[in-house]
Amino acid sequence: MTSTDTKPADHDTALTSVNPATGEVIGTHVIADDAAVAAAVAKARAAAATWGALSFDERRTHLLRWSSKLVQDSEKFCELIHAENGKPLDDAFLELMLALEHIAWAAKNAKKVLGPKKVSPGALMSNFSARLEQRPLGVVGVIGPWNYPVYTPNGSIAYALAAGNTVVFKPSEYSTGIGNFLAHAFAAANPELPEGVFITINGYGETGAALVRSEVDKIAFTGSTATGKRIMAAAAERLTPVLLECGGKDAVIVAADADIKAAADAVAWGATANSGQTCAGVERVYVDRSVREEFVAEVKRILTDIKPGSDEKAAYGPMTMPSQIDIVRRHIEDALKNGGTAVLGGPESVKAPFIEPVVLVDVDENSEAVAEETFGPTITIRTVDGVDEAVELANNSKYGLSSAVYSKKNGLDIARRLRVGATSVNSVLAFAAIPGLPFGGVGDSGIGRIHGEPGLREFTRPHSIAVQRFTVPGMALLSYSRTDSTMKLLRKLVPFLHGRHK
Ligand code: NAD
């Protein structure tokens with residue numbers, strides 16, 4: 001089933017999607033139970049026979065047709081993203097544009113990255129030819145979040161499809177309409193393909209859990225660390241491999257030689273855009289003492305004029321998920337209780353469903369506002385005495401998703417010392433807009449990589465093939481017909497091959 005089946009809601013069998021700014025109902029979707037999930041996976045399995053047998057060039061054509069359809073329908077799509085997620089229309093368009101970049105990269109690079117490769121057989125096996133072929137896994141189950149409901153799941157969907165898999169996608173319960181729009185656009189752009197190449201199942205966490213228990217060949221999850229851990233434990237039952245893109249607590253280091261105006265501009269945006277609901281958004285800043293006053297004043301100056309709302313002038317929208325509002329309020333209160341000072345805003349900035357920017361300085365490193373993911377338009381700024389202290393504090397986190405460094409001379413050196421999956425130097429979040437760069441974290445931020453070459457390989461299994469081209473009399477190493485003279489020869493050869501290094 002494609003989960004677009006919308007019909008009047010019954011409490012346990014339907015999911016109602018609402019506009020987070022107004023509470024207006026946007027759509028009602030049938031919740032997929034275990035049987036519906038199994039049926040969707042079976043349909044995707046059947047379609048995998050066709051889709052997986054296509055050439056890379058054929059799949060590229062289908063994926064690019066999908067992109068064109070999304071461009072054609074972009075106005076309608078962005079309005080839906082604005083209504084269901086709350087982000088401004090321009091931000092919705094930017095998100096779509098980035099997702100299209102990734103679809104194009106995956107479609108155009110799959111052949112080069114995943115096509116068959118010849119491998120040297122080595123001296124001892126020189127009568128063989130060796131090749132490495134990357135095979136699709138089959139059916140990939142994708143479970144997505146709501147904060148970037150187009151860009152984020154496409155890091156898995158587009159790459160899994162380009163690698164020859166079919167996809168069953170469970171969008172977040174807060175972005176169900178958006179997820180279904182994506183799948184419908186794919187089907188509409190490719191009517192000749194069997195239904196089931198890319199389909200959705202709708203529902204809450206239980207539907208996602210049913211997908212994890214189903215006969216999918218991999219689960220690609222993006223969401224919170226707590227859910228990621230639950231999914232990994234459940235996937236262990238069938239040894240289903242998992243890709244986990246989880247939370248973050250990203251730090252920015254502002255060194256003494258930073259361009260302070262540029263750093264403040266990027267930090268202000270990186271901390272509050274999308275209401276701060278960005279996995280790789282700026283949550284912590286470590287600024288050198290010599291430039292602290294100027295930096296804090298500049299961040300404050302910029303954010304004083306930044307206002308949330310749902311009108312055309314709004315810089316960012318409402319909090320998409322109501323339960324997150326209490327977490328943000330709790331983190332602000334905890335920061336203030338633990339010695340921090342609010343130089344802009346405070347608990348009164350929480351005006352549900354909107355939260356105005358909050359800038360907290362000198363907060364205790366053990367408080368929730370520094371140690372846990374806040375996922376709101378708030379930021380903590382701590383003064384440090386030099387780069388070593390900044391690196392130590394930035395790395396002192398259970399998360400390790402991404403980071404940024406502002407330094408005119410030493411950006412790259414500082415970046416190399418950070419325990420994360422990605423770093424922007426003299427920018428924030430830049431890596432996420434470069435499709436060839438893999439994205440993913442360490443520690444509680446997850447396992448595996450989306451995007452780039454590793455992001456394509458995530459959805460394949462390497463198949464090694466060794467072909468004997470001719471036999472060498474007496475040299476049959478993998479046979480009882482191996483002779484004594486062969487072993488004598490090998491005893492002479494091995495020291496030459498492996499025993500010459502002092
Ligand atoms: P969430 O973990 O609450 O939900 C994510 C998805 O998992 C939803 O579709 C949900 O229905 C499903 N789910 C919930 N319980 C499940 C279970 N037991 N089994 C299977 N599926 C289940 O996360 P969220 O609130 O939607 O998203 C916000 C989080 O996502 C933040 O922590 C953010 O940092 C993270 N995120 C990470 C990245 C990344 O690439 N690393 C990108 C975007 C968001």
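Everything here concerns the structure above.
Predicted model only: the values in this text are computed from it and were never measured.

Novice: Any chance you could break down the packing of aromatic side chains for me, citing the residues and the numbers?
Specialist: As enumerated under the stated definition, the model contains 9 aromatic pairs in all. Taken together, a centroid distance of 5.5 Å and an interplanar angle of 80° make the contact between W66 and F186 edge-to-face. Here the residue W66 occupies a position in helix α2 (residues 56–72), and F186 occupies one in helix α6 (residues 176–189), the gap between them amounting to 120 residues. By relative accessible area, F186 is classed as buried at 3%. Judged by centre distance (4.2 Å) and plane angle (5°), the rings of F77 and F181 are stacked. Remark: F181 occurs in helix α6 and F77 occurs in helix α3 (residues 74–85); sequence separation between them is 104 residues. Judged by relative accessible area, which is 0%, F77 ranks as buried.

Novice: So what's going on with the sheet that holds strand β7 (residues 198–200)? Residues and values would help.
Specialist: Note on sheets: strands pair through backbone hydrogen bonds, and any given pair is parallel or antiparallel. Here 6 strands make up an open sheet; going across it, the order is β7-β6-β5-β8-β9-β21 and the pairing mixed. Strands with a single pairing partner mark the edges of an open sheet, and in this sheet they are β7 and β21 (446–447). Alignment of strand β6 (residues 166–170) against β7, held across 3 bridges, turns out to be parallel. In the strand pairing of β7, V168 is matched with I199. Across the sheet, helix α5 (residues 151–162) is in contact with β5 (139–143), β6, β7, β8 (218–222) and β9 (242–245); its angle to β6 comes to roughly 160°. Against the sheet, helix α8 (residues 225–235) touches β5, β8, β9 and β21, its axis set at about 175° to β9.

Novice: Go over the environment of P353 with me, naming the residues and quoting the values.
Specialist: By the element assignment, P353 lies in the loop between β13 (350–351) and β14 (354–355). Each C-alpha atom of the pair P353 and G23 lies 9.9 Å from the other, and the pair is 330 residues apart in sequence. Not counting residues up to four positions away in its chain, the partners in contact with P353 are P20, A21, P318, M319 and I325.

Novice: With reference to specific residues and values, describe the pattern of salt bridges.
Specialist: With the rule as written, the count across this model stands at 25 salt bridges. E95 is paired through a salt bridge with K87; the nearest N and O atoms lie 2.6 Å apart. Across the pair, K87 and E95 agree in class, each one buried. Residues E133 and R135 are paired through a salt bridge, measuring 2.7 Å at the closest nitrogen-oxygen approach. For E133, a relative accessible area of 15% gives the class buried. What emerges from the salt-bridge pattern is a single network uniting R131, E133 and R135.

Criteria and thresholds
Residues numbered from 1 in each chain as written. Predicted model: local features only at pLDDT ≥ 70, side-chain atom pairs only at ≥ 80, totals over all residues. Heavy atoms only, no water. Phe/Tyr/Trp six-rings, centres within 6.5 Å; stacked < 30°, edge-to-face > 60°. Helix = DSSP H or I, 4+ residues; strand = E, 2+ residues; numbered from the N terminus. Buried < 20%, exposed > 50% of the residue type's maximum accessible area, 1.4 Å probe, protein only. Pairing = 2+ DSSP bridges. Contact = heavy atoms within 4.5 Å. Axes fitted to C-alpha atoms, helices over the stretch in contact; angles between N-to-C directions. Salt bridge = Lys/Arg side-chain N within 4 Å of Asp/Glu carboxyl O.

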